[in-house]
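Take a look at the letters that make up each chain.
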Amino acid sequence: LSSESMGGELRLSSSTPITLDIKRLGSIELTHVIRMPTVTFFDNKTQMLTLNAIEDNYPVSGTISRTPESASLQLMETWIQEPLAKMRGLKVGDMLPIGKDLLKVTGIVYQSPDQRPLSLNLAPNIWISHNTLSTLGLLMPASRAEYLYYFQCTPSDCRTLYETLEPTLLPG
């Protein structure tokens, strides 16, 4: 595990899911993101993507700038990063093929709290719900998933949380 501030007061990252018991640590809000590479096809050409499976309370810090602003993620729906929409001519209501399934585009994302600049990330981001990730069946042992845990907490609660988890954290 590693920790850093990004998209929350504290971020933990792991290559495997972790179990966290934060109830005893005060008023800490947690959201969990599963990030992994995937591909889509347009006109028989492959497009690499960064898939982000998020919970309803994502992000716990900051906001996602998107249109429509009221867009929410339901089963088999996706938000897509603006450069992907521009590159592929996608708009809200269009379908995005992922594996053997189609996801309905319900939002275009212009900025998110933990978004890497596109120049550093050649695979544009898409966002789906955890339920959609389960339905797609993409999460397998070799899927190279990254499990991200974002915490919003008071400085005291974040310090207590970090001190509790510190023995399990790896540098970096």
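Notes on the structure in this doc start here. Bear in mind the structure is a predicted one, so any value in this text is a computation, not a measurement.

So, about the pattern of salt bridges. On inspection of all chains with the given rule, the structure shows three salt bridges. A salt bridge links D94 to K91; the nearest nitrogen and oxygen atoms lie 3.4 Å apart. The partner of K100 in a salt bridge is D101, and the shortest N-O contact between them spans 3.5 Å.

With that out of the way, let us pick up the layout of surface pockets. For the largest pocket, the calculated volume is near 170 Å³. D56, Y58, R66, L73 and W79 are, among the 13 residues lining the largest pocket, the residues nearest its centre. For the lining of the largest pocket, the per-class residue count stands at seven nonpolar, three polar and three charged.

Where burial is concerned, most of strand β6 (residues 77-81) is hidden: five out of the five residues are buried. Summarising the sheet, β6 and strand β8 (residues 101-111) pair through five bridges and their orientation is parallel. Considered in β8, the bridge of T78 is made with V105. With two bridges connecting them, β6 and strand β9 (residues 125-129) associate as antiparallel partners. Residue W79 lies in a different strand from β9, and its bridge partner there is W127.

Reading the values: rules and limits
- Residues numbered from 1 in each chain as written.
- Predicted model: local features only at pLDDT ≥ 70, side-chain atom pairs only at ≥ 80, totals over all residues.
- Heavy atoms only, no water.
- Salt bridge = Lys/Arg side-chain N within 4 Å of Asp/Glu carboxyl O.
- 1 Å grid on protein atoms, 1.4 Å probe; cavity = no way out; pocket = protein on both sides within 12 Å on 5 of 7 lines; lining within 4 Å.
- Points joined across faces, edges and corners; volume = space filled by probe spheres on them.
- Nonpolar A, V, L, I, M, F, W, Y, C, P; charged D, E, K, R; others polar.
- Buried < 20%, exposed > 50% of the residue type's maximum accessible area, 1.4 Å probe, protein only.
- Helix = DSSP H or I, 4+ residues; strand = E, 2+ residues; numbered from the N terminus.
- Pairing = 2+ DSSP bridges.

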